[in-house]
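# A look at the structure
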Amino acid sequence: MDSLQDLLSQRAPKEPDEIIAIKRYIDEQFRAPASVGIRGDSLVITVGSASLANALRLRLPALRIAANTQKRLVFRIGG
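The structure displayed is predicted, hence computed values, not measured ones. Per-chain numbering applies: the sequence of each chain, read as written, is numbered from 1 onward. Local features in this predicted model are restricted to residues whose pLDDT is 70 or higher, and side-chain atom pairs enter the listing and the counts only when it is 80 or higher, whereas totals over whole chains, interfaces and linings include all residues. By convention in this description, side-chain values take in all heavy atoms of the structure and omit both hydrogens and water.

## Structural notes on the overall build of the protein
Going by this rule: Think of it this way: any DSSP run of H or I at least four residues long counts as a helix, any run of E at least two long counts as a strand, and we number them from the N terminus. In this description the radius of gyration comes from C-alpha coordinates, and the expected globular size is given by 2.2 Å times residues to the power 0.38. For every residue, the accessible area (1.4 Å probe, protein chains only) is compared with the maximum for its type, and the residue is labelled buried under 20%, exposed over 50%, or partly exposed between those bounds. In this description, contact between two residues means that some pair of their heavy atoms is separated by no more than 4.5 Å. We get accessible surface area from the Shrake-Rupley algorithm with a probe of 1.4 Å; when it comes to residues, only the shown protein chains can shield them.
A tally of helices and strands in the protein yields four helices and three strands. Listing the helices and strands of the protein from first to last along the sequence gives α-α-β-β-α-α-β. For 79 residues, the compact-globule estimate of 2.2 N^0.38 gives 12 Å, and the C-alpha radius of gyration of the protein, at 15 Å, exceeds that figure by more than 25%. Across its three principal directions, the C-alpha atoms of the protein cover 55 × 25 × 25 Å. Residues classed as buried in the protein amount to 29% of the 79 residues present. A fraction of 53% describes how many contacts in the protein between residues 6 or more apart in sequence connect residues 24 or more apart. By element, 51% of the accessible surface of the protein is carried by carbon and sulfur atoms, the whole surface being about 5,600 Å².

## Considering the pattern of salt bridges
For clarity, the cut-off: Whenever a carboxyl oxygen of Asp or Glu lies within 4 Å of a side-chain nitrogen of Lys or Arg, that contact is scored as a salt bridge.
Throughout the structure, instances matching the rule amount to three salt bridges. Put simply, Lys-14 and Asp-17 hold a salt bridge, and the shortest N to O gap is 3.6 Å. With respect to class, Lys-14 is no different from Asp-17; both count as exposed. Between Lys-23 and Glu-15 there is a salt bridge whose closest N-O contact spans 2.8 Å. With a relative accessible area of 33%, Glu-15 lands in the partly exposed category.

What follows is the structure in C-alpha cells.
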C-alpha cells in the first residue's frame, strides 16, 4: 500500500481554466507575473504594483471575457 505522501507527490494539481486564462492574459498584455486564487465566489488576482492593478481594473470587461467568468474579480497588490 502506498503512503499518503507518495500519493500526493505523484498528483499534479490542475488549475481551473479561469485561473490559467487570467494568468495568460496578464502575461501576454503586460509581461508581468500574477497569482490568482479562488475565494468563495471571487477570483483574487495579486499583482506586484498598484499601477498594474489599476490597469487591470480598467480592462475588467476584457479580462472577464478572456477568463469566461462572471465571478467577482478582486485585485490585490503584493510582492
